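# Descriptive analysis of the structure
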Amino acid sequence: MIKVDCHTHTNHSHDGHVSVADMAKLAREQGLHYLCTTDHCDYDLVYGGCRAPFRWGDTDVESYWQDWKNVKQALDGDKTNTLTLGFGIEAAYADGDVVAEKYQELISKYPFDTVINSVHCAGGKDMYFKSAFLFKSKKKAYGLYLDTIRRSLDVPYQYDVVAHIGYLTHGAPYRDKALRYVEFADKIDGILKRIIELDKALEVNFHHEMNPKRDIIERYYELGGRKISYGSDAHRGDICKEFESVSNMLKEIGFTEYVYYVKHEPHYVPIGD
Ligand SMILES: [Zn+2]
Ligand SMILES: [Zn+2]
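Cut-off values and rules
- Residues numbered from 1 in each chain as written.
- Chains lettered and ligands numbered in written order.
- Predicted model: local features only at pLDDT ≥ 70, side-chain atom pairs only at ≥ 80, totals over all residues.
- Heavy atoms only, no water.
- Disulfide = S-S within 2.5 Å.
- Buried < 20%, exposed > 50% of the residue type's maximum accessible area, 1.4 Å probe, protein only.
- Core = buried A, V, L, I, M, F, W, Y, C linked by side-chain atoms within 4.5 Å.
- Helix = DSSP H or I, 4+ residues; strand = E, 2+ residues; numbered from the N terminus.
- Contact = heavy atoms within 4.5 Å.
- Salt bridge = Lys/Arg side-chain N within 4 Å of Asp/Glu carboxyl O.

## A short note on the state of the cysteines
- This structure, assessed with the given rule, holds 0 disulfides.
- As a non-bridged cysteine, Cys6 has Cys36 as the owner of its nearest cysteine sulfur, 6.7 Å distant.
- Of the cysteine sulfurs around Cys121, a residue in no disulfide, the closest is that of Cys50, at 4.2 Å.
- When its relative accessible area of 3% is taken as the criterion, Cys121 is described as buried.

Next up, the structure:
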């Protein structure tokens, strides 16, 4: 089984715990073909006026890049190495020109392999936390979140992967938290069709639990979506978690390959053995 992991965090992220060197070591030990580190860029909070219950530091991309380069050089100098290490960021979306310009500037400055476009905040609040759901019905909160994702797809800066659709279920206070295709079919179709039109990849993310859920992934396939990316969203070196079960599910649906990116160019590996 060829393993790839396109969404992971190192200790350059405020909530990451493992160095780039140790991430690469873990990936080599587990025989990964490709690992991309994608540390947080929270310009939604820094420039977008969005709020989270805690104020954490944003990634220092220059020191992340220098550190990553050293690890990459060491890998390139080792003839036994078979791991391709990618340099990436997770760019958290917020509405507005200022955030878009700042991302544009950053993304043109560094030779990123993968830029992950993610939505954490909707209506100005980080949907990871319960406080974002105060006085909102499920229909309203989830609708707001999905509308934000739809807008995020049309940003002017370059990105490759659309992250973790369903991220908000973690903190949602409802008895039935699931983001179901049938409940939000129109909005989800709008998102999936646009991802396909723009030729971006839909991510299957495994932070805490799998997002999006199978019904949404099946609908993506049904609509013609074939670019599918795996991301553990590891923050503690827990790379490629549930990789086998995710791969089996994707094969059942009909997918035959994973996409991963090198300098924003898509590369493919077969799913499964
Ligand atoms: Zn995220
Ligand atoms: Zn992440």
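Okay, back to it.
## Things to note about the nonpolar core
- In this structure, Ile228, Leu250 and Tyr258 are the most contacted members of the largest nonpolar core, which totals 90 residues.
- Broken down by element, this core gets its largest block of residues, 6 residues, from helix 3 (residues 61–76).
- Look past the residues within four positions of Ile228 in its chain and what remains in contact with it is Leu202, Val204, Ile217, Tyr220, Leu250, Phe255, Glu257, Tyr258, Val259 and Ile271.
- If you look at the next biggest cluster of nonpolar residues, it comprises 6 residues, including Val161, Ala201, Val259 and Tyr261.

## Considering the pattern of salt bridges
- Throughout the structure, instances matching the rule amount to 20 salt bridges.
- Of the charged contacts in the structure, one is a salt bridge between Arg194 and Glu197, with a shortest N-O distance of 2.5 Å. On the criterion of helical spacing, the pair formed by Arg194 and Glu197 is a turn pair, its members being 3 residues apart in helix 6 (residues 185–197).
- Residue class for Glu197 comes out exposed when judged on its relative accessible area of 57%.
- The partner of Glu252 in a salt bridge is Arg214, and the shortest N-O contact between them spans 3.0 Å. One end of the pair, Glu252, is in helix 8 (residues 243–253); the other, Arg214, is in helix 7 (residues 214–222), with 38 residues separating them in the sequence.
- By sharing partners, the salt bridges in this structure join Lys138, Asp176, Arg180 and Glu183 into a single network.

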